Amino acid sequence: MLRLAPVLLGRLARAPRWAPVLRRGGTASGEEELFVFPEYEPEPSEAVAAATAATAAAATAATEAAVLLPRRERKLDRERRKRGSGVVEAGRPDPSVPLSGVSCSGCGAELHCRDSAAPGFMPAEKFRSLSEGSDGAAGLRGAVCQRCWMLAHYGRALRLELPAEQHRQVVSAALRRPPRHGRGALLLYLLDVLELPDPVLSQLPALLGPDVPVAGLLVVGNKVDLLPADSPGHLGRLRQRVAEACAQAGLREAPLVDIRLVSAKTGFGMEGLISRLQRSWKCAGDVYLLGATNSGKSTLFNTLLHSDYCKSRAPDIIDRATVSSWPGTTLNLLKFPIINPTCDRIFRRQERLKEEAAKTEDQLSSEEKKLLNKLKKQAYLVGRVGRTFGRQKSSTVIDFDPDMLSYSIDEDPKPTSKKCEQRQEFTYNEVKDARWCYDTPGIVKENCVLNLLTDKEVKLVLPTSAIVPRTFILKPGTALFLAALGRVDYLEGEKSAWFSVVASNLLPVHVTSLSNADAVYKKHAGHELLKVPMGGEERMKEFPPLVPQDITLKGVGTTEAVADIKLSSAGWVAVTAHPEEKLLLRAYSPQGTTLVVREPPLLPYISTVRGPRIPGTAVYRTKKPPSLVENLKTTGRR
């Protein structure tokens, strides 16, 4: 059992921002310790004061509302409180109304009001208000379904009756379309580098059967901005890992064009990807974005939509895809027209890129500096995606007009706005010979822990900002918990070993003795100490138990990890041991999920990304490496 001296507690109170703080949590056999980041949690006194103030304010507001508000306003207030408490109510359906034939601009599903559990559903009142005007079904163009509205504005997902096989059918049918313009399509397969080996990549050869007219395959590793650089040249090593995953998946015979590493969110690598597409693929045929759920396809689609890869007028006509941490956001095909990269356009684009690469941060506009500073706080790798042709002011927020693009739960339907009547459309000549870029539904990952979680839990598990590794030096007889989603026991070994956790910063890591581990899980799973899953004993009754898997490893050096223990999509633990040191470990993951021992590890030197060890404990202070901005001239200042 780990203990802290009073002097050390004083040091922890003065710890820098990235130093972990040890929180106490009682167990049946004594005190346990939880390592958390103070920047993500308020101090206990502040939390209590804030909760007390919030409770008092809520009580006062409720009393005033009951006295002053009319009946309808009180009803609306109750509905707003339901939404705030996580209760998601669907609008009323009307099975008698026929399908619209118009796709949701957020997910691509056909809009209707017949079945609230089906993709593309819109409440009957809103559906009629948009479709029964003078424009008929055309009044629905640009509208989003109820599910996209909830995702965009409340971050909550409505459960849909959509089996995983239906996602595959949509993708398979799209790929088997007859080739247009005499040439097959280019497949842009997007994988999450945090998920290597990609669980869906092995299904790609089956999708690319002999009857699929595919002319090329370009594999894109996404979310590289979330991983710290563990050594010089780490991006080249990541690219090699992606290439090895493609070979293991049976893509040796596929017409592989290239492998690129990008961040669709921050723009890192995106200008290089666009240049690669325009140089090699040009405008030869259509392009399809493929990948697993939550790989970032919709984010990539939106970034390309506001780049030189898309026709200049398209962002004014085509709405951005809905982006959410909830798996399977896109339910059908979304598309935008690809610009024809003529020699003149490529020359003008290269001139713009040279001009921007010569700029320093001080030469950026105030808005560009603000966005850049925001991204640097959230990511390790940052890029800038601009426009050469008809440049427009881009937006990082999904810009939905609540009166025109969707519905409102707590308001009566409003008539179609004039903005909808003035909606721009492509002319016939603009699209008659156009090649299109399609965003397809994500292929659902089987045996994934995310399939067991609620939308609130998914938000905590999926990292959205730069991951700060947490390293511990553990002796045999010690257990490490990653929330209540995974556990690694150090059973046998001659010496201490290093265990580096690479996971969302919002997930707690808990270290305890092996003799106390079962009691800790039984008491704290579903509660604040282990955090995810959340919901107490009732939630844990339906959550599958943790099942063990024994692992034997042999160390290769005190600075190089021998393997990663990947706990499904919750994250992984990199194990570093002395040379030739044999370790016997036992790892746990929820029943029905996949636990992978990844050799070689993705970031072999991750244990060196740390601060000094906190005396008297098993934990090292955390260290966040600096961010790197692509295509921006450095001034020599730090």
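Predicted model only: the values in this text are computed from it and were never measured. (Residues numbered from 1 in each chain as written. Predicted model: local features only at pLDDT ≥ 70, side-chain atom pairs only at ≥ 80, totals over all residues. Heavy atoms only, no water.)

Here's the deal with the packing of helix α9 (residues 270-281) against helix α12 (residues 343-357)
For any two helices packed against each other, the geometry is given by the interaxial angle and the distance between the axes. Here is the rule: Angular values range over 0 to 180 degrees, each being the angle between N-to-C directions of two axes fitted as lines to C-alpha atoms, with helices fitted over their stretch in contact. Per the convention used, a helix needs a DSSP run of H or I reaching at least four residues, while a strand needs a run of E reaching at least two, with both numbered from the N terminus. Should an angle fall under 35 degrees it is taken as roughly parallel, and over 145 as roughly antiparallel, whereas 65 to 115 is taken as roughly perpendicular and any remaining angle as oblique. Helix crossings get a hand from a simple test, with the near helix turned counterclockwise from the far one by less than a right angle marking a left-handed crossing and a clockwise turn marking a right-handed one. Throughout, a residue-residue contact means that at least one pair of heavy atoms, one from each residue, lies within 4.5 Å. Polar here means any residue outside two lists: the nonpolar Ala, Val, Leu, Ile, Met, Phe, Trp, Tyr, Cys and Pro, and the charged Asp, Glu, Lys and Arg; Gly therefore counts as polar.
The contact between α9 and α12 brings their axes to 12 Å, and the two run at 160°. Taken together, the axes of α9 and α12 lie roughly antiparallel to each other. Both α9 and α12 take part in a crossing whose hand is left-handed. Here Glu271, Ile274, Ser275 and Gln278 of α9 come into contact with α12, specifically with Ile346, Arg349, Gln350, Arg352 and Leu353. Grouping the amino acids of the contact of α9 with α12 by side-chain chemistry returns 3 nonpolar, 3 polar and 3 charged.

Here's the deal with the environment of Asn294
Stated formally: Burial classes follow relative accessibility: with a 1.4 Å probe on protein chains only, a residue under 20% of its type's maximum area counts as buried, one over 50% as exposed, and anything between as partly exposed.
Relative to the helices and strands, Asn294 resides in the loop between β6 (287-291) and α10 (297-305). The exposure class of Asn294 is buried, given its relative accessible area of 17%. Through-space distance from the C-alpha of Asn294 to that of Asp192 is 7.9 Å; in sequence the pair is 102 residues apart.

Overview of the pattern of salt bridges
Heads up, the rule is: Salt bridge, as used here: a side-chain nitrogen of Lys or Arg that lies within 4 Å of a carboxyl oxygen of Asp or Glu.
The tally for this structure, following the rule as stated, stands at 24 salt bridges. Close ionic contact of Asp94 with Arg128 constitutes a salt bridge, the shortest N to O distance being 2.1 Å. Taken together, the residues span a long stretch of sequence, with Asp94 in the loop between α3 (71-84) and α4 (124-131) and Arg128 in helix α4 at a distance of 34 residues. A residue is classified by how much of its surface remains accessible, and Asp94, at 15% relative accessible area, is buried. Overall, the relative accessible area of 28% leaves Arg128 in the partly exposed class. Measuring nitrogen to oxygen at the nearest pair gives 3.0 Å for the salt bridge that ties Arg349 to Asp308. Note that Arg349 is positioned in helix α12 and Asp308 in the loop between α10 and α11 (314-317), a separation of 41 residues in sequence. By the burial criterion, Arg349 is buried, and Asp308 matches it. Salt bridges linked by common partners bring Glu271, Asp308, Arg349, Arg352 and Glu356 together as one network.

Focus on the nonpolar core
Under the convention used in this document: For our purposes a nonpolar core is just a set of buried Ala, Val, Leu, Ile, Met, Phe, Trp, Tyr and Cys residues, chained together by side-chain atoms within 4.5 Å.
The biggest cluster of nonpolar side chains holds 53 residues, and the ones touching the most others in it are Leu480, Leu485, Phe499, Ile565 and Leu585. Those residues in contact with Leu585 that lie beyond four places of it in its chain are Asp489, Tyr490, Leu491, Phe499, Gln549, Asp550, Ile551, Leu553, Ile565 and Val575. By size, the runner-up hydrophobic cluster in this structure holds 50 residues, among which are Leu261, Ala434, Val468 and Ala561.

Description of the sheet that holds strand β7 (residues 334-338)
Formally: Any two strands are treated as partners once DSSP identifies two or more bridges connecting them.
Strands sit in the order β5-β4-β3-β6-β9-β7 across an open sheet of 6 strands; the sheet is mixed. The sheet is open, and its two edges are formed by β5 (256-261) and β7, each paired on a single side. Here the average twist between neighbouring strands, direction ignored, is 20°. Taken together, the 8 bridges between strand β3 (residues 185-192) and strand β4 (residues 214-222) define a ladder with parallel strand orientation. The partner of Leu187 across the bridge, within β4, is Leu217. Each of β3, β4, β5 and β6 touches α9; the most contacted strand, β5, lies at about 165° to it.

As for the side chain of Asp94
Filter applied, for reference: Counted as a polar contact is a pair of N or O atoms within 3.5 Å, where, for protein atoms, one must be capable of donating a hydrogen and the other of accepting one, and residues adjacent in sequence contribute only when both atoms are in side chains.
At 2.6 Å, the side chain of Asp94 and the side chain of Ser96 are in polar contact. Contacts of Asp94, omitting those with residues within four sequence positions, involve Cys113, Arg114, Ala124 and Arg128.

Section: the sheet that holds strand β19 (residues 595-598)
The sheet built from 5 strands is open, its strands ordered β10-β13-β17-β16-β19 with antiparallel pairing. Only two strands of the sheet have a single partner each, and these edge strands are β10 (470-474) and β19. The average angle at which neighbouring strand axes cross in this sheet is 20°, direction not considered. Inspection of the sheet shows β10 paired to strand β13 (residues 497-502) by 5 bridges, in the antiparallel sense. The residue of β13 that forms the bridge with Thr471 is Ser500.

Structural notes on unusual backbone geometry
Glycine aside, the phi torsion of most residues is negative, and most peptide linkages are trans. The omega torsion across Leu196 and Pro197 is -5°, close enough to zero to call that bond cis. Note that Pro197 resides in the loop between β3 and α7 (204-207). Note the cis peptide between Val532 and Pro533, where omega equals 0°. Here Pro533 lies in the loop between α17 (514-524) and α18 (536-542). Within the chain, Ala483 stands out as a residue other than glycine whose phi angle is a positive 50°. Mapped onto the elements, Ala483 comes out in the loop between β11 (478-482) and β12 (486-492). Since its relative accessible area comes to 0%, Ala483 is described here as buried.

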